[in-house]
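Chain by chain, the residues:
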Amino acid sequence: MQGGYRDDAAPQGGANPDAYALWHWHLMDVFVYFSHYLVTLPPPCWTNAAHLHGVKVLGTFITEWEKGAEICREMFATKDSAQMYAERLAELAAALGFDGWLINIEAKLDHQFIDNLKEFVNHLTKRMHAAVPGSLVIWYDAVTVNGNLSWQNKLSKYNKPFFDLCDGLFVNYTWKEKYPQDSAAAAGDRKYDVYMGIDVFGRKTYGGGQWNGHGYQVCYGGLQVSSDPWNNISCQSFQPMLKYTGDEVQTPVQTSIKLTTSETFKDEQFSGGGSVTVKGSLEQNVIFSEQLFNGGLYMEDGSVLLFYSVNADANCVVGLSLDLSSRNKGNTSILIANDIAAFHRKKQNGMYSSYVQSDKVAPQGPDNQNWVLYQATVQSSASYTLTGINIVCTLKTTGEVNTESEEDGSSEANGNRSLPYHASLCHVSIRNSNDDKLFPPAKSWMTEGWYISWSKNSNTSKLLSLKVSWKLNTSRQASFMKYNVYVEKLTVDSNAKASRNFLGVASVEAFYVSNLQIPDEVTSLKFIIQPCGHDGSRQELEECPKLFLVPVDHSVTLI
(Lines give C-alpha, C1' and ligand atoms only; values in the text may rest on other atoms or scores of the structure.)
Protein backbone atom coordinates (compact mmCIF):
# COMPACT_ATOMS: atom_id res chain seq x y z
CA MET A 1 0.00 0.00 0.00
CA GLN A 2 1.06 3.59 -0.51
CA GLY A 3 0.15 6.44 1.88
CA GLY A 4 -3.28 6.71 3.50
CA TYR A 5 -1.98 6.26 7.03
CA ARG A 6 -2.75 9.65 8.50
CA ASP A 7 -6.52 9.79 8.83
CA ASP A 8 -6.89 6.23 10.08
CA ALA A 9 -4.08 6.14 12.64
CA ALA A 10 -6.00 7.67 15.60
CA PRO A 11 -7.13 5.01 18.13
CA GLN A 12 -10.69 6.42 18.21
CA GLY A 13 -10.90 7.18 14.50
CA GLY A 14 -11.42 10.52 12.80
CA ALA A 15 -13.80 12.64 10.77
CA ASN A 16 -12.76 11.72 7.21
CA PRO A 17 -15.16 9.03 5.88
CA ASP A 18 -12.88 8.43 2.89
CA ALA A 19 -9.83 7.49 4.97
CA TYR A 20 -8.24 4.29 3.78
CA ALA A 21 -9.78 1.08 5.12
CA LEU A 22 -10.41 -2.38 3.72
CA TRP A 23 -12.93 -5.18 4.01
CA HIS A 24 -11.26 -8.07 2.15
CA TRP A 25 -9.92 -9.65 5.33
CA HIS A 26 -10.93 -13.13 4.18
CA LEU A 27 -8.20 -12.92 1.53
CA MET A 28 -5.44 -12.24 4.09
CA ASP A 29 -3.48 -14.25 6.61
CA VAL A 30 -1.09 -11.51 7.75
CA PHE A 31 -1.43 -7.70 7.61
CA VAL A 32 1.75 -5.60 7.84
CA TYR A 33 1.32 -2.01 8.96
CA PHE A 34 4.14 -0.37 7.04
CA SER A 35 5.72 3.06 6.94
CA HIS A 36 9.18 4.51 6.45
CA TYR A 37 9.79 5.34 10.11
CA LEU A 38 12.39 3.35 12.05
CA VAL A 39 9.73 1.63 14.19
CA THR A 40 6.14 1.54 13.01
CA LEU A 41 3.55 0.41 15.56
CA PRO A 42 0.18 -0.73 14.19
CA PRO A 43 -2.56 1.59 15.53
CA PRO A 44 -5.11 -0.18 17.77
CA CYS A 45 -7.87 0.30 15.18
CA TRP A 46 -6.02 -1.86 12.64
CA THR A 47 -5.13 -4.49 15.21
CA ASN A 48 -8.75 -4.67 16.41
CA ALA A 49 -10.19 -5.04 12.91
CA ALA A 50 -7.61 -7.61 11.82
CA HIS A 51 -7.99 -9.75 14.94
CA LEU A 52 -11.78 -9.70 14.56
CA HIS A 53 -11.26 -11.53 11.25
CA GLY A 54 -8.51 -13.87 12.46
CA VAL A 55 -5.73 -11.96 10.69
CA LYS A 56 -2.31 -11.43 12.28
CA VAL A 57 -0.87 -7.91 12.42
CA LEU A 58 2.83 -7.07 12.16
CA GLY A 59 4.65 -3.84 12.86
CA THR A 60 7.63 -2.70 10.80
CA PHE A 61 11.27 -2.16 11.74
CA ILE A 62 13.11 -0.50 8.85
CA THR A 63 16.49 1.12 8.32
CA GLU A 64 17.15 2.88 5.02
CA TRP A 65 20.12 4.26 3.14
CA GLU A 66 23.03 6.01 4.89
CA LYS A 67 21.04 7.09 7.96
CA GLY A 68 19.83 3.51 8.29
CA ALA A 69 23.37 2.18 8.01
CA GLU A 70 24.41 4.52 10.85
CA ILE A 71 21.61 3.18 13.04
CA CYS A 72 22.57 -0.41 12.21
CA ARG A 73 26.20 0.19 13.15
CA GLU A 74 25.05 1.34 16.60
CA MET A 75 22.46 -1.40 17.11
CA PHE A 76 24.62 -4.27 15.91
CA ALA A 77 27.95 -3.14 17.34
CA THR A 78 27.91 -6.05 19.80
CA LYS A 79 25.94 -9.22 20.34
CA ASP A 80 24.55 -7.81 23.61
CA SER A 81 23.25 -4.64 21.95
CA ALA A 82 21.63 -6.66 19.15
CA GLN A 83 19.84 -8.82 21.73
CA MET A 84 18.81 -5.78 23.78
CA TYR A 85 17.13 -4.05 20.83
CA ALA A 86 15.42 -7.31 19.85
CA GLU A 87 14.00 -7.61 23.37
CA ARG A 88 12.61 -4.07 23.25
CA LEU A 89 10.78 -4.82 19.98
CA ALA A 90 9.33 -8.02 21.44
CA GLU A 91 8.16 -6.11 24.53
CA LEU A 92 6.42 -3.50 22.37
CA ALA A 93 4.50 -6.12 20.40
CA ALA A 94 3.44 -8.01 23.52
CA ALA A 95 2.35 -4.85 25.35
CA LEU A 96 0.39 -3.41 22.42
CA GLY A 97 -1.22 -6.67 21.35
CA PHE A 98 0.08 -7.16 17.81
CA ASP A 99 1.67 -10.29 16.39
CA GLY A 100 5.25 -9.63 15.33
CA TRP A 101 7.52 -7.72 13.00
CA LEU A 102 8.57 -7.22 9.41
CA ILE A 103 12.34 -6.58 9.47
CA ASN A 104 13.52 -4.48 6.53
CA ILE A 105 17.23 -3.60 6.45
CA GLU A 106 17.61 -1.48 3.30
CA ALA A 107 21.12 -0.28 3.97
CA LYS A 108 24.58 -1.46 2.96
CA LEU A 109 26.47 -2.90 5.94
CA ASP A 110 30.09 -3.76 6.57
CA HIS A 111 30.54 -7.50 6.84
CA GLN A 112 31.62 -7.20 10.49
CA PHE A 113 28.02 -6.37 11.53
CA ILE A 114 26.33 -9.32 9.78
CA ASP A 115 26.78 -11.89 12.57
CA ASN A 116 25.19 -9.53 15.09
CA LEU A 117 22.40 -8.72 12.62
CA LYS A 118 21.72 -12.46 12.37
CA GLU A 119 21.71 -12.66 16.17
CA PHE A 120 19.20 -9.79 16.26
CA VAL A 121 16.84 -11.70 13.93
CA ASN A 122 17.32 -14.98 15.79
CA HIS A 123 16.83 -13.45 19.26
CA LEU A 124 13.82 -11.41 18.19
CA THR A 125 12.15 -14.49 16.71
CA LYS A 126 12.68 -16.51 19.89
CA ARG A 127 11.52 -13.69 22.18
CA MET A 128 8.42 -13.07 20.07
CA HIS A 129 7.46 -16.75 20.10
CA ALA A 130 7.84 -16.82 23.89
CA ALA A 131 5.91 -13.59 24.49
CA VAL A 132 3.15 -13.95 21.87
CA PRO A 133 2.25 -17.52 20.85
CA GLY A 134 1.70 -17.77 17.11
CA SER A 135 3.67 -14.61 16.43
CA LEU A 136 5.76 -14.04 13.30
CA VAL A 137 9.04 -12.38 12.40
CA ILE A 138 9.38 -11.88 8.63
CA TRP A 139 12.62 -10.89 6.88
CA TYR A 140 12.39 -8.53 3.92
CA ASP A 141 14.49 -9.26 0.84
CA ALA A 142 16.98 -6.36 0.86
CA VAL A 143 20.43 -6.56 2.46
CA THR A 144 22.29 -9.81 1.78
CA VAL A 145 24.42 -11.98 4.03
CA ASN A 146 27.45 -10.29 2.45
CA GLY A 147 26.23 -6.86 3.60
CA ASN A 148 25.30 -5.70 0.10
CA LEU A 149 22.00 -3.93 -0.54
CA SER A 150 20.95 -6.24 -3.37
CA TRP A 151 17.29 -7.25 -3.77
CA GLN A 152 17.24 -10.90 -4.84
CA ASN A 153 13.51 -11.02 -5.77
CA LYS A 154 13.50 -14.66 -4.64
CA LEU A 155 14.86 -16.90 -1.90
CA SER A 156 18.55 -17.40 -2.65
CA LYS A 157 21.78 -18.29 -0.91
CA TYR A 158 22.29 -14.59 -0.23
CA ASN A 159 19.16 -14.10 1.94
CA LYS A 160 18.46 -17.67 3.09
CA PRO A 161 20.67 -17.37 6.22
CA PHE A 162 18.19 -14.77 7.55
CA PHE A 163 15.20 -16.85 6.39
CA ASP A 164 16.56 -19.81 8.37
CA LEU A 165 16.49 -17.76 11.59
CA CYS A 166 12.94 -16.40 11.40
CA ASP A 167 9.41 -17.29 10.26
CA GLY A 168 9.50 -16.23 6.64
CA LEU A 169 10.82 -14.13 3.79
CA PHE A 170 8.95 -11.27 2.09
CA VAL A 171 10.39 -11.24 -1.44
CA ASN A 172 10.91 -7.91 -3.20
CA TYR A 173 8.31 -7.02 -5.84
CA THR A 174 10.28 -7.19 -9.08
CA TRP A 175 10.51 -10.97 -9.39
CA LYS A 176 10.23 -12.80 -12.72
CA GLU A 177 7.92 -15.61 -13.78
CA LYS A 178 10.18 -18.52 -12.74
CA TYR A 179 11.29 -17.01 -9.41
CA PRO A 180 8.47 -18.51 -7.28
CA GLN A 181 9.51 -21.98 -8.44
CA ASP A 182 13.15 -21.22 -7.66
CA SER A 183 12.15 -19.97 -4.20
CA ALA A 184 10.06 -23.06 -3.47
CA ALA A 185 12.97 -25.31 -4.42
CA ALA A 186 15.35 -23.38 -2.17
CA ALA A 187 12.89 -23.37 0.77
CA GLY A 188 12.21 -27.12 0.70
CA ASP A 189 9.63 -28.00 3.38
CA ARG A 190 9.24 -24.28 4.19
CA LYS A 191 8.06 -23.18 0.75
CA TYR A 192 4.87 -21.68 2.23
CA ASP A 193 7.01 -19.38 4.38
CA VAL A 194 8.14 -17.48 1.29
CA TYR A 195 5.85 -14.53 0.47
CA MET A 196 6.10 -13.16 -3.06
CA GLY A 197 5.67 -9.38 -3.07
CA ILE A 198 3.20 -7.79 -5.47
CA ASP A 199 2.98 -4.04 -6.01
CA VAL A 200 -0.76 -3.35 -6.34
CA PHE A 201 0.02 -0.25 -8.40
CA GLY A 202 1.77 -2.48 -10.94
CA ARG A 203 5.17 -0.81 -10.74
CA LYS A 204 7.73 -3.21 -12.27
CA THR A 205 5.66 -6.15 -11.02
CA TYR A 206 5.06 -9.38 -12.90
CA GLY A 207 1.40 -9.47 -13.98
CA GLY A 208 0.63 -5.81 -13.23
CA GLY A 209 -1.60 -4.71 -10.34
CA GLN A 210 -4.60 -2.64 -8.21
CA TRP A 211 -6.98 -3.07 -4.84
CA ASN A 212 -12.93 0.23 3.65
CA GLY A 213 -15.17 0.90 9.05
CA HIS A 214 -16.19 4.25 7.82
CA GLY A 215 -19.40 6.08 7.05
CA TYR A 216 -21.15 9.34 6.34
CA GLN A 217 -23.45 8.99 9.36
CA VAL A 218 -23.93 6.70 12.37
CA CYS A 219 -27.13 4.67 12.78
CA TYR A 220 -28.42 2.23 15.37
CA GLY A 221 -31.65 0.30 14.99
CA GLY A 222 -32.26 2.08 11.70
CA LEU A 223 -32.23 5.49 13.36
CA GLN A 224 -29.55 8.08 12.78
CA VAL A 225 -27.73 9.06 15.98
CA SER A 226 -25.11 11.23 14.28
CA SER A 227 -24.98 12.99 10.92
CA ASP A 228 -21.22 13.55 11.10
CA PRO A 229 -18.91 11.66 8.71
CA TRP A 230 -16.38 9.40 10.43
CA ASN A 231 -13.73 6.72 10.13
CA ASN A 232 -12.76 4.17 12.77
CA ILE A 233 -11.78 0.75 11.50
CA SER A 234 -12.10 -0.58 15.08
CA CYS A 235 -15.87 -0.29 14.56
CA GLN A 236 -15.75 -2.62 11.58
CA SER A 237 -17.98 -5.65 12.02
CA PHE A 238 -17.17 -9.09 10.62
CA GLN A 239 -16.97 -8.44 6.88
CA PRO A 240 -18.81 -10.37 4.12
CA MET A 241 -16.85 -12.21 1.45
CA LEU A 242 -18.08 -10.27 -1.55
CA LYS A 243 -16.33 -10.83 -4.86
CA TYR A 244 -13.98 -8.08 -6.00
CA THR A 245 -13.99 -7.25 -9.73
CA GLY A 246 -12.49 -3.92 -10.60
CA ASP A 247 -13.41 -0.73 -8.78
CA GLU A 248 -16.34 -2.10 -6.82
CA VAL A 249 -17.48 -5.26 -5.13
CA GLN A 250 -20.02 -6.95 -7.34
CA THR A 251 -21.39 -10.23 -8.60
CA PRO A 252 -20.69 -11.47 -12.11
CA VAL A 253 -23.39 -10.67 -14.68
CA GLN A 254 -25.36 -13.81 -15.44
CA THR A 255 -27.79 -14.64 -18.24
CA SER A 256 -30.98 -14.01 -16.32
CA ILE A 257 -29.60 -11.85 -13.50
CA LYS A 258 -28.19 -8.37 -13.77
CA LEU A 259 -27.51 -7.41 -10.20
CA THR A 260 -24.69 -5.65 -8.39
CA THR A 261 -23.91 -6.63 -4.79
CA SER A 262 -21.93 -3.95 -3.00
CA GLU A 263 -21.18 -2.44 0.38
CA THR A 264 -23.02 0.87 0.73
CA PHE A 265 -21.94 3.70 3.03
CA LYS A 266 -23.73 6.88 1.95
CA ASP A 267 -27.34 5.67 2.22
CA GLU A 268 -29.26 5.52 5.51
CA GLN A 269 -28.08 2.44 7.44
CA PHE A 270 -29.51 0.15 10.10
CA SER A 271 -26.39 -0.13 12.23
CA GLY A 272 -23.01 1.61 12.07
CA GLY A 273 -22.13 3.17 8.72
CA GLY A 274 -22.58 0.53 5.99
CA SER A 275 -24.68 -2.31 4.61
CA VAL A 276 -24.78 -4.82 1.76
CA THR A 277 -26.93 -3.61 -1.14
CA VAL A 278 -28.25 -5.63 -4.08
CA LYS A 279 -29.30 -3.48 -7.00
CA GLY A 280 -30.15 -4.07 -10.66
CA SER A 281 -32.75 -6.06 -12.58
CA LEU A 282 -34.11 -9.51 -11.80
CA GLU A 283 -36.42 -11.86 -13.69
CA GLN A 284 -39.77 -12.47 -12.07
CA ASN A 285 -39.26 -16.21 -11.73
CA VAL A 286 -35.61 -16.23 -10.54
CA ILE A 287 -34.00 -16.58 -7.12
CA PHE A 288 -30.67 -14.77 -6.84
CA SER A 289 -28.17 -15.91 -4.20
CA GLU A 290 -24.72 -14.63 -3.24
CA GLN A 291 -22.48 -15.99 -0.48
CA LEU A 292 -21.73 -13.56 2.34
CA PHE A 293 -19.76 -15.79 4.72
CA ASN A 294 -18.24 -19.23 4.72
CA GLY A 295 -16.50 -21.18 7.44
CA GLY A 296 -16.92 -24.13 9.77
CA LEU A 297 -19.12 -23.35 12.79
CA TYR A 298 -20.01 -26.50 14.72
CA MET A 299 -23.69 -26.55 15.64
CA GLU A 300 -25.23 -27.85 18.87
CA ASP A 301 -28.45 -29.72 19.55
CA GLY A 302 -31.32 -27.31 20.15
CA SER A 303 -32.24 -24.07 18.47
CA VAL A 304 -30.51 -20.85 17.49
CA LEU A 305 -31.88 -17.37 16.92
CA LEU A 306 -30.99 -15.58 13.69
CA PHE A 307 -31.46 -11.83 13.26
CA TYR A 308 -31.17 -9.71 10.13
CA SER A 309 -32.46 -6.33 8.98
CA VAL A 310 -33.78 -5.38 5.54
CA ASN A 311 -34.48 -2.14 3.70
CA ALA A 312 -36.14 -3.09 0.40
CA ASP A 313 -38.38 -1.70 -2.32
CA ALA A 314 -42.02 -2.79 -2.08
CA ASN A 315 -41.78 -5.63 -4.63
CA CYS A 316 -38.40 -6.96 -3.43
CA VAL A 317 -37.96 -9.87 -1.02
CA VAL A 318 -34.74 -10.62 0.90
CA GLY A 319 -33.90 -13.72 2.90
CA LEU A 320 -30.92 -15.70 4.10
CA SER A 321 -29.93 -19.28 3.45
CA LEU A 322 -27.74 -21.42 5.69
CA ASP A 323 -25.48 -24.08 4.19
CA LEU A 324 -24.99 -27.05 6.54
CA SER A 325 -22.76 -30.07 6.15
CA SER A 326 -22.72 -33.45 7.92
CA ARG A 327 -20.43 -36.41 7.42
CA ASN A 328 -23.27 -38.85 7.95
CA LYS A 329 -26.23 -36.92 6.57
CA GLY A 330 -24.64 -34.99 3.70
CA ASN A 331 -25.31 -31.36 2.81
CA THR A 332 -28.48 -29.38 3.37
CA SER A 333 -29.62 -25.79 2.90
CA ILE A 334 -32.22 -23.87 4.92
CA LEU A 335 -33.91 -20.78 3.50
CA ILE A 336 -35.07 -18.15 6.00
CA ALA A 337 -37.46 -15.41 4.91
CA ASN A 338 -40.50 -13.49 6.01
CA ASP A 339 -42.29 -13.99 2.67
CA ILE A 340 -41.85 -17.74 2.20
CA ALA A 341 -44.46 -17.88 -0.58
CA ALA A 342 -42.37 -15.63 -2.81
CA PHE A 343 -39.63 -18.29 -2.87
CA HIS A 344 -41.90 -21.35 -2.91
CA ARG A 345 -43.36 -20.36 -6.26
CA LYS A 346 -40.06 -19.96 -8.10
CA LYS A 347 -38.51 -22.57 -10.35
CA GLN A 348 -35.37 -22.78 -8.18
CA ASN A 349 -37.18 -23.62 -4.95
CA GLY A 350 -35.77 -27.15 -5.01
CA MET A 351 -32.39 -25.69 -4.01
CA TYR A 352 -33.50 -25.60 -0.39
CA SER A 353 -34.15 -28.58 1.87
CA SER A 354 -36.41 -26.66 4.23
CA TYR A 355 -37.91 -23.24 4.84
CA VAL A 356 -38.10 -21.24 8.08
CA GLN A 357 -40.46 -18.32 8.57
CA SER A 358 -38.90 -15.15 10.02
CA ASP A 359 -40.98 -12.64 11.95
CA LYS A 360 -40.71 -8.89 12.37
CA VAL A 361 -39.17 -7.69 15.62
CA ALA A 362 -40.77 -4.71 17.33
CA PRO A 363 -38.38 -1.74 17.13
CA GLN A 364 -36.64 -0.73 20.38
CA GLY A 365 -37.06 2.96 19.71
CA PRO A 366 -39.25 5.09 17.44
CA ASP A 367 -40.51 3.12 14.46
CA ASN A 368 -38.35 3.43 11.36
CA GLN A 369 -40.35 2.98 8.17
CA ASN A 370 -37.40 1.91 6.03
CA TRP A 371 -35.53 -0.76 7.99
CA VAL A 372 -37.24 -3.89 9.30
CA LEU A 373 -35.54 -6.25 11.77
CA TYR A 374 -36.42 -9.93 11.42
CA GLN A 375 -35.94 -12.87 13.78
CA ALA A 376 -36.12 -16.60 13.06
CA THR A 377 -35.70 -19.71 15.20
CA VAL A 378 -33.73 -22.46 13.48
CA GLN A 379 -33.47 -25.99 14.85
CA SER A 380 -29.89 -27.23 14.86
CA SER A 381 -28.17 -30.55 15.34
CA ALA A 382 -24.73 -31.35 16.71
CA SER A 383 -24.08 -33.55 13.68
CA TYR A 384 -23.99 -30.50 11.37
CA THR A 385 -21.46 -27.76 10.64
CA LEU A 386 -22.53 -24.33 9.37
CA THR A 387 -20.40 -23.80 6.25
CA GLY A 388 -22.03 -20.77 4.61
CA ILE A 389 -24.47 -17.87 4.95
CA ASN A 390 -25.97 -16.42 1.76
CA ILE A 391 -28.16 -13.47 0.87
CA VAL A 392 -31.16 -14.66 -1.16
CA CYS A 393 -33.25 -12.32 -3.31
CA THR A 394 -36.41 -12.60 -5.38
CA LEU A 395 -39.43 -10.56 -6.46
CA LYS A 396 -42.83 -10.82 -4.82
CA THR A 397 -45.36 -13.11 -6.46
CA THR A 398 -48.12 -11.57 -8.60
CA GLY A 399 -50.75 -14.14 -7.74
CA GLU A 400 -50.76 -15.65 -11.25
CA VAL A 401 -49.33 -19.13 -11.64
CA ASN A 402 -48.45 -20.87 -14.89
CA THR A 403 -49.79 -24.39 -14.25
CA GLU A 404 -48.31 -25.74 -17.50
CA SER A 405 -44.71 -25.06 -16.48
CA GLU A 406 -42.47 -28.10 -16.74
CA GLU A 407 -39.89 -26.69 -14.37
CA ASP A 408 -39.47 -28.17 -10.90
CA GLY A 409 -41.83 -26.34 -8.60
CA SER A 410 -44.37 -23.73 -9.61
CA SER A 411 -43.65 -20.95 -12.07
CA GLU A 412 -45.28 -17.57 -12.39
CA ALA A 413 -46.80 -16.41 -15.64
CA ASN A 414 -44.57 -13.86 -17.40
CA GLY A 415 -41.75 -15.23 -15.26
CA ASN A 416 -39.06 -14.19 -17.74
CA ARG A 417 -39.94 -10.51 -17.41
CA SER A 418 -37.15 -8.48 -15.73
CA LEU A 419 -38.03 -5.87 -13.12
CA PRO A 420 -35.94 -3.44 -11.07
CA TYR A 421 -34.57 -4.80 -7.81
CA HIS A 422 -33.13 -2.77 -4.92
CA ALA A 423 -32.65 -4.03 -1.36
CA SER A 424 -30.16 -3.66 1.48
CA LEU A 425 -29.17 -6.11 4.21
CA CYS A 426 -27.56 -5.34 7.55
CA HIS A 427 -27.11 -6.65 11.10
CA VAL A 428 -26.83 -10.42 10.50
CA SER A 429 -26.30 -12.21 13.81
CA ILE A 430 -26.72 -15.71 15.24
CA ARG A 431 -26.93 -16.65 18.90
CA ASN A 432 -28.11 -19.50 21.09
CA SER A 433 -31.80 -19.18 21.93
CA ASN A 434 -31.05 -19.83 25.61
CA ASP A 435 -28.27 -17.24 25.67
CA ASP A 436 -29.71 -14.46 27.79
CA LYS A 437 -28.12 -11.14 26.99
CA LEU A 438 -28.65 -9.58 30.39
CA PHE A 439 -26.47 -6.51 30.69
CA PRO A 440 -25.05 -5.58 34.11
CA PRO A 441 -27.14 -2.85 35.76
CA ALA A 442 -25.72 0.65 35.99
CA LYS A 443 -24.86 0.18 39.67
CA SER A 444 -22.49 -2.67 38.72
CA TRP A 445 -20.16 -0.22 36.99
CA MET A 446 -17.65 2.25 38.35
CA THR A 447 -17.12 5.29 36.12
CA GLU A 448 -14.41 7.91 36.45
CA GLY A 449 -13.27 11.10 34.76
CA TRP A 450 -9.55 11.71 34.29
CA TYR A 451 -7.37 14.61 33.09
CA ILE A 452 -10.32 17.02 33.08
CA SER A 453 -9.39 20.23 31.30
CA TRP A 454 -11.54 23.31 30.67
CA SER A 455 -10.62 26.13 28.32
CA LYS A 456 -12.40 29.24 27.11
CA ASN A 457 -13.97 29.01 23.66
CA SER A 458 -16.03 32.21 23.41
CA ASN A 459 -18.11 34.53 25.55
CA THR A 460 -20.93 32.00 25.50
CA SER A 461 -19.20 28.62 25.67
CA LYS A 462 -16.19 26.69 26.89
CA LEU A 463 -14.30 23.58 25.74
CA LEU A 464 -13.93 20.34 27.69
CA SER A 465 -11.36 17.58 27.31
CA LEU A 466 -11.15 14.47 29.50
CA LYS A 467 -10.71 10.72 29.63
CA VAL A 468 -13.83 8.75 30.64
CA SER A 469 -13.15 5.27 32.00
CA TRP A 470 -15.39 2.51 33.33
CA LYS A 471 -15.10 -0.99 34.78
CA LEU A 472 -17.29 -3.53 36.50
CA ASN A 473 -17.07 -3.41 40.29
CA THR A 474 -17.97 -7.10 40.51
CA SER A 475 -15.95 -10.27 39.87
CA ARG A 476 -17.59 -10.62 36.46
CA GLN A 477 -15.30 -9.76 33.55
CA ALA A 478 -16.65 -7.39 30.90
CA SER A 479 -16.86 -9.19 27.54
CA PHE A 480 -18.51 -6.66 25.27
CA MET A 481 -17.50 -6.06 21.68
CA LYS A 482 -17.64 -2.28 21.97
CA TYR A 483 -19.18 0.65 23.84
CA ASN A 484 -21.17 3.54 22.37
CA VAL A 485 -20.52 6.82 24.18
CA TYR A 486 -23.11 9.63 24.40
CA VAL A 487 -23.31 12.92 26.28
CA GLU A 488 -26.37 14.84 27.51
CA LYS A 489 -26.05 18.55 28.26
CA LEU A 490 -28.40 19.48 31.13
CA THR A 491 -29.59 22.98 32.02
CA VAL A 492 -31.40 24.65 34.95
CA ASP A 493 -34.70 24.43 33.05
CA SER A 494 -36.02 21.04 34.20
CA ASN A 495 -38.73 21.15 31.53
CA ALA A 496 -36.25 21.46 28.71
CA LYS A 497 -35.32 18.18 27.02
CA ALA A 498 -31.60 17.54 27.30
CA SER A 499 -29.78 17.28 24.00
CA ARG A 500 -28.13 13.89 23.55
CA ASN A 501 -25.08 13.71 21.31
CA PHE A 502 -23.29 10.62 20.05
CA LEU A 503 -19.56 11.01 20.74
CA GLY A 504 -18.10 7.81 19.34
CA VAL A 505 -17.23 4.17 19.93
CA ALA A 506 -14.71 2.62 22.30
CA SER A 507 -13.19 -0.84 21.88
CA VAL A 508 -11.71 -0.72 25.40
CA GLU A 509 -13.07 0.54 28.72
CA ALA A 510 -12.00 4.13 28.14
CA PHE A 511 -12.85 7.00 25.80
CA TYR A 512 -11.09 10.32 25.21
CA VAL A 513 -13.18 13.46 24.74
CA SER A 514 -11.38 16.33 23.05
CA ASN A 515 -12.54 19.96 22.86
CA LEU A 516 -16.23 19.27 23.45
CA GLN A 517 -18.10 22.58 23.19
CA ILE A 518 -20.23 23.31 26.27
CA PRO A 519 -22.62 26.30 26.15
CA ASP A 520 -22.57 28.44 29.30
CA GLU A 521 -26.21 27.62 30.12
CA VAL A 522 -25.29 23.95 30.66
CA THR A 523 -25.19 23.20 34.39
CA SER A 524 -24.20 19.51 34.27
CA LEU A 525 -23.11 16.83 31.84
CA LYS A 526 -24.17 13.21 31.73
CA PHE A 527 -21.89 10.81 29.84
CA ILE A 528 -23.61 7.54 28.92
CA ILE A 529 -21.62 4.37 28.18
CA GLN A 530 -23.68 1.81 26.23
CA PRO A 531 -22.29 -1.78 26.21
CA CYS A 532 -22.81 -3.67 22.93
CA GLY A 533 -22.86 -7.46 22.66
CA HIS A 534 -21.08 -9.52 20.00
CA ASP A 535 -24.47 -10.33 18.45
CA GLY A 536 -25.32 -6.64 17.91
CA SER A 537 -27.50 -6.26 21.01
CA ARG A 538 -27.25 -3.02 22.99
CA GLN A 539 -28.19 -2.09 26.52
CA GLU A 540 -31.09 0.32 26.91
CA LEU A 541 -29.64 3.80 27.39
CA GLU A 542 -31.65 4.42 30.56
CA GLU A 543 -30.01 1.36 32.16
CA CYS A 544 -26.43 2.11 31.08
CA PRO A 545 -23.57 3.26 33.32
CA LYS A 546 -23.20 7.03 33.50
CA LEU A 547 -20.68 9.66 34.54
CA PHE A 548 -21.92 13.04 35.79
CA LEU A 549 -19.75 16.11 35.54
CA VAL A 550 -20.43 19.69 36.66
CA PRO A 551 -18.83 22.43 34.53
CA VAL A 552 -16.49 24.83 36.26
CA ASP A 553 -18.15 27.86 37.76
CA HIS A 554 -18.45 30.85 35.45
CA SER A 555 -16.51 32.97 37.88
CA VAL A 556 -13.47 30.71 37.65
CA THR A 557 -10.74 32.04 35.41
CA LEU A 558 -10.41 29.76 32.41
CA ILE A 559 -7.16 29.10 30.63
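Residues numbered from 1 in each chain as written. Predicted model: local features only at pLDDT ≥ 70, side-chain atom pairs only at ≥ 80, totals over all residues. Heavy atoms only, no water.

**Q** Describe the overall build of the protein chain, naming the residues involved and giving the relevant values.
**A** Within the protein chain one finds seven helices and 31 strands. Residues counted as buried form 47% of the 559 residues belonging to the protein chain. Counting every atom, the protein chain has about 27500 Å² of accessible surface; 49% of that belongs to carbon and sulfur. (Helix = DSSP H or I, 4+ residues; strand = E, 2+ residues; numbered from the N terminus. Buried < 20%, exposed > 50% of the residue type's maximum accessible area, 1.4 Å probe, protein only. Areas by Shrake-Rupley, 256 points an atom, 1.4 Å probe, with all protein chains shown as cover.)

**Q** Pulling in residues and values, what's your account of helix 4 (residues 114–131)?
**A** Here helix 4 contains 18 residues, and its C-alpha end-to-end distance of 26 Å stays within 8% of the 26 Å for a straight helix at 1.5 Å per residue. Within helix 4, the full set of buried residues consists of Ile 114, Asn 116, Leu 117, Glu 119, Phe 120, Val 121, Asn 122, His 123, Leu 124, Thr 125 and Met 128. Buried-residue contacts for helix 4 involve strand 3 (56–64), helix 2 (65–75), helix 3 (79–96), strand 4 (100–106), strand 5 (136–140) and helix 5 (160–163). (Expected span 1.5 Å × (residues − 1). Contact = heavy atoms within 4.5 Å.)

**Q** How would you summarise the sheet that holds strand 28 (residues 499–506) if you had to cite specific residues and measurements?
**A** Across the sheet, four strands lie side by side as 28-27-30-31; this open sheet has antiparallel pairing. Across the chains shown, the open sheet's two edge strands, defined by having one partner strand only, are strand 28 and strand 31 (546–549). Geometrically, the sheet is characterised by an average inter-axis angle of 20 degrees between neighbouring strands, direction not taken into account. With seven bridges connecting them, strand 27 (residues 482–491) and strand 28 associate as antiparallel partners. The residue of strand 28 that forms the bridge with Asn 484 is Val 505. (Pairing = 2+ DSSP bridges. Axes fitted to C-alpha atoms, helices over the stretch in contact; angles between N-to-C directions.)

**Q** Please set out the nonpolar core residue by residue, giving values where relevant.
**A** By size, the foremost hydrophobic cluster in this structure holds 46 residues, and its most contacted members are Leu 117, Phe 120, Leu 124 and Trp 139. Tallying contributions element by element places helix 4 first for this core, with six residues. Discounting residues that sit within four places of it in the chain, Leu 124 has contacts with Ala 86, Leu 89, Ala 90, Trp 101, Ile 103 and Val 137. Counting residues in hydrophobic clusters, the runner-up holds 32 residues, among them Phe 293, Val 318, Ile 336 and Cys 393. (Core = buried A, V, L, I, M, F, W, Y, C linked by side-chain atoms within 4.5 Å.)

**Q** Summarise the sheet that holds strand 26 (residues 461–472); cite the residues concerned and give the values.
**A** An order of 25-26-29 is seen for the three strands of this open sheet, with the pairing classed as antiparallel. In this open sheet, the two strands that pair with only one neighbour each are strand 25 (445–456) and strand 29 (510–519). If you compare each strand with its neighbour and ignore which way they point, the axes differ by 25 degrees on average. Where strand 26 and strand 29 come together, eight bridges link them in antiparallel fashion. Counterpart to Leu 463 in the pairing with strand 29 is Gln 517.

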